[in-house]
Amino acid sequence: MRFYYLSSRHTGAQKTQTNVVSDKIKYLLPFLFIFFFSCSREVQLERDEYRLHSLAFKGNKQISTEELEYLIPPTQKPNRRPFNLPVTPYVGLYNLGKAFYDSTKIKKRLNKWDIKLKTLPSTGNFDADIEKKRARYQRKKSIYQDRLDTKENWWMKNVGEPPAKITEASIKHTSETIQKYIYNKGYFDNTVTYQIDSTTNNRGIKLTYLVEERNAYYIDSVRYDIKDPRIDSILKVTMAATMLKAGERVNMDNITLEKGRIELLLKDEGYYNFIAKNYISTEIDTTDYIKRNYKVNVKMLVRNPLLREQHEQFYFESVNFISADPSNDQTIGGDTTQIRYSGINYTFIGKRFPTRLLDKKILIRPDQLFRISLVNETNRQLYGLDQFAFANIRFTQLPDNRLRTDIIAPTNPKYTASYNFDVNNINGILGGGANVSLRARNLLSALETTELGLRANLEGQPGLDTTVQRSRELGANLAFNFPKIIFFSRVANLLSLKSPRTQLALSYNNSAQQLYRRQVFRLTGNYAWLKSKYETIQISPFDINLINTPYKSFAFDSILTYEAQRGNNLKVLFDPQFVSSINATYIFNNQEQGKNIKARYLRVFVESGGTTLNFFPNKNKINFIDQVFPLDTIQRAYFRFVKLNIDFRKYFPINAKDSWAYRLNVGVAHPYGDNQALPFEKNFFIGGPNSIRAWRPRSLGPGSAQGVTVGNRFFQQPGDILLEGSIEYRKYMFRFIGNWNAGLFIDAGNVWKWYQINSKYNEANFDWNRFYKEFAVGTGAGIRLDLDYFVARFDWGVKVIDPSRDSGDRFVLDKTRLGRNNDYYPVFHFAIGYPF
């Protein structure tokens, strides 16, 4: 018999190895569990059902596969297989949720919300609180009723995916839908059949729709047959805007759009009762279409009402504006105010609003011809005031083609509060922030909103040594927003329908960290209006900042003094300051929320700082400011500068879900004051989650110079000139809770100083002969979770070209290493929203 003895050293090593293996198995278990559920559970099939494994289209040449895929109902699509692997994990997740489905528990919750709904009082008067509860209880009841009807719980509906099952009857119905869709695109002779191939699995199939488009039909001529002479004359004037043009392929969608165009046009000429589907029909003459090379004649027939020779035009008989405060008890007398102003009857139940200002937002008047455009614009103007929950415009038809108009506008609460929180990880320190906002409406009886905001933030900042310290930021702001241009009555009248806004705001910000404490008082005035549907103009006639740095650590102040002796004006940015400017912004943006369409964005910003100093004999100070806000120590810094920033972005859809996006951001600021510096907040910075993502926020530049460091960490690097560009490929991956998208990107750019810096001679300043050699380049990839209401973004960037290295040694992609101790490790960014 033999005995083996293991020393404690060997035993410990064995335990460690066992623990490592155990940890690996522990992490693999959930994936193995889902894999087991997705592969091992047998799918229950009815007699006429098949298990759908794959779906494809063949033969379509002109109609894209992406278009045809939209015609397939979700219940007739195969289960998703990540990376085309032979597994369906979403089915496994669905089966996992099915194991926890409990109809008894769901019935109990359904009964609970049904009882709550029935116990609510059904009073004749509108009560906002009761109606909110009623809507909430009804929503809860509908959710649990749906779970009973579909036999699916939340997990099964939102996380998992039911096994793809299909019947031949549904396949036939879908093929007919596809055939009709292609027919409507002008391929009248198309055929759509299907092919079913068996798989090795029991009753599994591969489905292929076989499409034969054949010849397309084109419009040879378009003729309008209009029975009403007045309508005929109206339409003839607008024929240039028709959706049907000779030479184009026949498209039933365009015919529908043309009918809608005619209906909208006539409703804007008083024809209140004109409805396209009742009075417009289309005839397509295919006579001798083969001889005419598949060309057809299209006739649009506009009929008259039955037993009438013409359509009737309507006029507004009376206009009544009714505003109801949901919080007001209408049973109490004396709460209703009635006023007649400019032909409109105003009735205020509860809160009262200035009729003189409302009159500019209501565009319809008694005895005026009915125009749907005026009705829609009135609705938009009232809703844009943020005083009313909505504006419902109702019409009652009266004799002699008259319309009684009632504008029902329930008011928003007088006071509302909102708050939000965010979490960040900057420089390896977990931080976050909180914002609280209180909004009051119509306090000054000018249809204005008053906003009071409070905010607090904690984030990581570099210390003087290799450690990272937390910085604290506290702020408050008070803003008054008026729905018009104030102080300029003539301009206000011209812009009254352009969603004008005037904002007067006062704010205070206090930031503190290990290196310094900084206080900013700010007073601003802004005008804004819409130039068109996609264009916005903003003008700020005054933006006044009083900035003080009451504390700078001795070590940090020594660094600033040393840099000043070397010709770097960074120290000026932390002296007490007075900054005033005027600015203007033009924005063009034709993006549509939630839609992947071809779009562009352009922002042009122009600013002149310290303009008033040019009118004083002493251009380095304003005596009045120094007398009101005296300083005991250092002299206050004043700035004079001009600034231009152009930000252009373009978006190209590749298909329904994928796209390319690129951005070009150019900025120039010329500090022409004696201190040759910009205020800290007016500088250009580069690097970070919305800039060049291979660098930390604001850490790149200027030029090819080494940035100012604090304890071996780069301090924020300001610049006067900015050149920056990015291109990004955005790819849809899969849906789980939200839409998961991937991003591949390349960023390039830098910032430069306007003037030479002695310690960084011919490195930090902009020079036409070398600037193109000093572009930093980064690349990387990211993952984005799109939850519709916000996008969570995770990006990793790596440096490709580092301009701070010696010329000829700036390519650093091959130096990329994992681990934070390496200068070229991948930089991680977490952010909300897309970078551009």
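Residues numbered from 1 in each chain as written. Predicted model: local features only at pLDDT ≥ 70, side-chain atom pairs only at ≥ 80, totals over all residues. Heavy atoms only, no water.

Engineer: Would you mind going over helix H4 (residues 103-119) with me for this structure?
Structural biologist: An α-helical turn contains 3.6 residues, so a residue and the one three or four places further along point in the same direction. Taking 1.5 Å as the rise per residue, H4 with 17 residues should run 24 Å; its terminal C-alpha atoms sit 24 Å apart, in good agreement. The complete set of buried residues in H4 reads Ile106, Leu110, Trp113, Asp114 and Leu117. Buried residues along H4 cover an arc of 105° about the axis, so they all sit on one side. In H4, the exposed residues that point more than 90 degrees away from the buried face are Lys108, Ile115 and Thr119. (Helix = DSSP H or I, 4+ residues; strand = E, 2+ residues; numbered from the N terminus. Expected span 1.5 Å × (residues − 1). Buried < 20%, exposed > 50% of the residue type's maximum accessible area, 1.4 Å probe, protein only. Arc of directions from axis to C-beta.)

Engineer: Please explain helix H8 (residues 229-237) as it appears in this structure.
Structural biologist: Along H8, the positions that sit buried rather than exposed are Ile231, Ile234 and Leu235. The arc that holds the buried residues of H8, viewed along the axis, is 95°, so those residues lie on one side. Turned more than 90 degrees off the buried face of H8, the exposed positions are Pro229, Lys236 and Val237. Against strand E5 (218-226) and helix H9 (252-267) lie the buried residues of H8. A distance of 3.0 Å separates the backbone nitrogen of Arg230 from a side-chain oxygen at the start of H8, and that oxygen is part of Asp228. (Contact = heavy atoms within 4.5 Å. Polar contact = N/O pair within 3.5 Å; in protein donor to acceptor, adjacent residues only side chain to side chain.)

Engineer: Got a minute to help me understand the packing of aromatic side chains in this structure?
Structural biologist: To describe a pair of aromatic rings, you give the distance between the ring centres and the angle between the ring planes. Scanning the model with the defined rule gives 38 aromatic pairs in all. Judged by centre distance (6.0 Å) and plane angle (15°), the rings of Tyr346 and Phe348 are stacked. Judged by its relative accessible area of 0%, Phe348 is buried. Ring geometry for Phe370 against Phe395: centres 5.5 Å apart, planes inclined by 85°, an arrangement best described as edge-to-face. (Phe/Tyr/Trp six-rings, centres within 6.5 Å; stacked < 30°, edge-to-face > 60°.)

Engineer: Can you walk me through the sheet that holds strand E11 (residues 392-398) in this structure?
Structural biologist: Whether parallel or antiparallel, the strands of a sheet pair through hydrogen bonds between backbone atoms. On the basis of which strands lie adjacent, the open sheet formed by five strands has the order E9-E10-E8-E12-E11 and mixed pairing. What marks the edges here is a single partner per strand, and that holds for strand E9 (336-341) and E11. With direction set aside, neighbouring strand axes in the sheet form an average angle of 20°. (Pairing = 2+ DSSP bridges. Axes fitted to C-alpha atoms, helices over the stretch in contact; angles between N-to-C directions.)

These values are about where atoms sit, not about what they do.
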